[in-house]
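# Breakdown of the fold
Residues per chain are reported as follows:
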Amino acid sequence: MAGTISRIRLENFMCHSSLHIELGDHVNFITGQNGSGKSAILTALCIAFGCRAKSTQRAATLKDFIKTGCSYAAIVVDINNQGEDAFKPEVYGNLIILERRITDSSSSTILKDQHGRKVAHRKDDLTEIIEHFNIDVENPCVIMSQDKSREFLHSGNDKDKFKFFFKATLLQQVNELLETIKDQLNNADSIVEELEKSIKPVMRELDELRQKIKNMEHIEEISHDIDNLKKKLAWSWVYDVDKQIGEQTVKLQKLKERIPACQERIDRNTVLLDELKKELIEKEENVRSLAKKTREVHMMRKNMDDSITEVVKQKVELEAEHDRHTDMLGKMNKRLRQLQAQLRDFQLQHMQHTQVEASQIEEDIQNIQSEIDYAHSNITRLKEDEKEFSEELSGILKSISEITKEITENDKKIQDLKYETDDLLQRQSNKVTAFGGQRVLNLLESIERNNRRFKSPPIGPIGAHLQLASDFWSFAVDCAFGNLLDAFIVSCHKDLQTLRECAKQVNYNHLRIIVYDFTRPRLNIPDDSLPATKHPTVLSVIQSENHTVLNVLVDQGSAERQVLVQDYEVGKSVAFDHRIRNIKDVYTSDGYRIGWTSVFRSYPVASGNLRFSRGSVQTILPPNKRPRAGRWCSSPGERIAELKNEVADFQRINSEKRGQKRKLDHDRCNLEQKITSLKRKREPEERRLANKRLQLDDAKKASAENNSHTAVDTSELEEELKHVKNDIQQKELLLQKANVRLTAILREVDDRKAAYKTFMDSVNDEAGPFNNASSELDLAKEKLEAAQQEKTHYEGVMRNKVLPDIKMAEEEYAELQQLRQDYFKKASIICPESDLEVLSHVAGSTPEQLSAKINRLKLRFDQESRRYSESIDDLRELHDQKEHKIFRKQQLYAGFRLKLNSCQKALDMRWNKFQRNAGLLKRQLTWLFNEHLGKKGISGFINLDYKSKVLSIEVTMPQDASRDTVRDTRGLSEKWA
């Protein structure tokens, strides 16, 4: 059984040097002579469980318990931790080892698991275990020492006996707690009263503001009149422009009447122009025919001039070409003689060269090659060192990357754990927040405010109306239903709309609402519709006092067809091996779903996951991660402590990893400096090697050119000499042909000049008729030009006088229209035109008159406003601000008062329960006391008065002839003795 003591070990404690006691599962008796250390064992248990030395009444300080002559004392207590009431079995296992060590200067407490590994050492951890197993060593009903027994039996004071009873039954602890709460509520009530009184001065200020605003309303009436006049002024500008538009329309009509007279003159000249143009066309046709003949003559003349010019040009070109060929032939002969002399001199000079230059080049090549080999060896060595450092740097960078990745993953885990911790802390204050957070609390308050609007009060969230038969399935049920647990249930569509409005008011978006008949009885599911398996279903592990909630979970969540299993292997067997009917999904205790989309055959993959396949469908399930607490977790405090420990562990690991990363960064910087130094040494060597290789190539080229220089130069001179001889022969042939062509051209020039003279004599006889026709054509053109000028004059009048005036008038009309639109738009912004009917029409008022009236009212408004330092708008704004502030404070203080009333109501209910439990304990004490006396054949009674805080006992002994009544426990002890 969890919480029982299985072993006690004492070392150097009081009279015991080394004591080991094995205790049974039930009642244990320890016997021995006086002074043998029986009471020391009981004292050791009190000290081990945190009792102070003075409370044991055996010593003043803890060091007094150390055996004389020893430097320390140790107490080791083994506590069983098996069964349903086990305390953190995943941490401590089946056994909790409590070790208390005492020295002259200090004391320590260590908690270990069943394997002896240290788990905790803080006093809070020990207190948590004591509260879990309800071990109160200072309660005399738990541990009754000799001193306490003697004190109780020898006490004749009824008040002392009452204190003993009050403390032993834990009524004293509950009474003190309720008294503390009562004092705190009284203090809170006084604070709220002070806050409520603090509003009254502000309320008086608000009343003063209202009176001041009322006195200033006549100034607002003047302002209102000014606004109305501004509206009239805005529309008076519109009506004034309308008047100008009417005048401009009359002017435009008069200007358009000038167009027909001017157009008649233009049309008459247009007809005259058409007649003159026909006459001009006839005369032009005649002149054109004569001109055609004249052009043909001129063309023939021009062709003859061109042919003579061409022949003369060819003559000049042939003469120039003849002279050019002659000069070129002379130059070629001179060049031929020079080349022949140069060839002879060149052959004599190159025969005198020796082999000294060739041997010098070979020696230079050998020296350069040795320098190249030395530089190449240095570069190879530097590259090998650089490669070695680069490989080491690559390994360090890889380690840094892995550490950084691990730190990032741990930070993410820390954030997840903190988020889960905050969620659990919120659940501790109110379990409803597990199904929607703070939003659901706001929504419930809104539903309470609008309760009358609902036909039936909504039910929700669904998860808050459920209880689990066992916390073991908490996470599995949570995963099976998902966000269905956050949903609300209403009875009709109207309630659905009302609930959506309430959710919108508190910004609860996407709230799931289910419409269901609340009058429908609990669903009766036949056995043949349930899965035929021994494993529980979700419906079998959930409980609810509201049958509508269970019906919705069956209809919407298929709770009766979702099976719960302990682990994945069992779930796979249930889902796939046995082919059980009526199964929708299978959920493991850690929340993994195994459905019909999973597949039959399973095998591991490289990532460490499990893959299941059947046919062409495959599903990969991740390996089991750390399970989080479900939303029905019954001990969130333990889970919060676990999460905080995990966060501390991850933070410690991250701190170590960051230290490793800093060391690797330092090593990386050193390696990068070494690699940079090697590169600075290698680059000059590479440049030197490249320069030497270029020098070697130049030397080899010089050697090759020296060997072939003589033969190449001689062949070039001979080739050039042969080419010059061929050019001379070609130029002589061209010169002969040019002489023949020059002679033929000279004869052709003479023939064409004689033919040109004969043609010009015949042309002069045909020029008379053409001159007469040209004169008649000029006269027709003058008449046409005069008619055209008259037409142009009237067109100019139309274009420059009539039409521009009309256009200007139209532009002014358009500007007035645009101005009216602008005035209309501005006036419409100030007020609609329909409002003028209420203000009286403004057609009889000019803008100037209205402006003067507005100025007079503004002057009066300014005079009245000087009487007050603030405007009425500022006062109204200040009034609204204060009124809103007071309203918010009233709401806030009303909320405080409501919560205080709720707390006071809860306190009164707990006081009633406390008094009822105290009365029941009194009855139980009386019954048990009388039953015990009856078994002994003794008569008497016990009186317990909570009001007077006394406990008195009266007993009449049957063997006492005096039949005196014994009221003192000491006398009672003597009678029994």
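Residues numbered from 1 in each chain as written. Predicted model: local features only at pLDDT ≥ 70, side-chain atom pairs only at ≥ 80, totals over all residues. Heavy atoms only, no water.

The name given to the protein chain in an unreviewed UniProt entry is Rad50/SbcC-type AAA domain-containing protein, with Brachypodium distachyon as the source organism. Here is the UniProt Sequence similarities (unreviewed entry) comment for the protein chain, exactly as written: "Belongs to the SMC family. SMC6 subfamily." (UniProt positions renumbered as here; feature names shortened; annotations may be inferred.)

## Describing the pattern of salt bridges
Where charged atoms from two side chains of opposite charge come close, those side chains can pair. Evaluation of the coordinates by the stated rule reveals 24 salt bridges. Among the salt bridges present, the one from Asp-125 reaches Arg-122, with a minimum N-O distance of 3.1 Å. A relative accessible area of 45% means that Arg-122 is categorised as partly exposed. The salt bridge involving Asp-411 is made with Arg-658; its shortest N-O contact spans 3.6 Å. You can see Asp-411 sitting in helix H9 (residues 356-429) and its partner Arg-658 sitting in helix H16 (residues 636-763), a full 247 residues away along the chain. Residue class for Asp-411 comes out partly exposed when judged on its relative accessible area of 30%. Exposure remark for Arg-658: the relative accessible area of 35% places this residue in the partly exposed category. When salt bridges that share partners are traced, they join Arg-7, Arg-9, Glu-22 and Asp-78 into one network. (Salt bridge = Lys/Arg side-chain N within 4 Å of Asp/Glu carboxyl O. Buried < 20%, exposed > 50% of the residue type's maximum accessible area, 1.4 Å probe, protein only. Helix = DSSP H or I, 4+ residues; strand = E, 2+ residues; numbered from the N terminus.)

## Details of the packing of aromatic side chains
Counted by the stated rule, this structure contains six aromatic pairs. With a centroid separation of 5.4 Å and 10 degrees between ring planes, the pair formed by Phe-13 and Phe-65 is classed as stacked. Here Phe-65 lies in the loop between helix H1 (38-48) and strand S3 (72-80) and Phe-13 lies in strand S1 (residues 5-13), a separation of 52 residues in the sequence. Of the two residues, Phe-13 and Phe-65, neither departs from the other in class, the shared state being buried. Cation over ring: Arg-101 sits above Tyr-72, and NZ or CZ is 4.2 Å from the ring centre. (Phe/Tyr/Trp six-rings, centres within 6.5 Å; stacked < 30°, edge-to-face > 60°. Lys NZ or Arg CZ within 6 Å of the ring centre and 35° of its normal.)

## Considerations on the pairing of strand S5 (residues 107-112)
Where strand S4 (residues 95-103) lies against S5, six bridges are found, and the strand directions are antiparallel. Counted as the bridge partner of Arg-101 is Ser-108 from S5. Hairpin geometry of S4 and S5 is characterised by an intervening segment of three residues between the two adjacent antiparallel strands. Direction of pairing for S5 relative to strand S6 (residues 118-120): antiparallel, over a ladder of two bridges. From the neighbouring strand, Lys-112 faces S6, where its bridge partner is Lys-118. (Pairing = 2+ DSSP bridges.)

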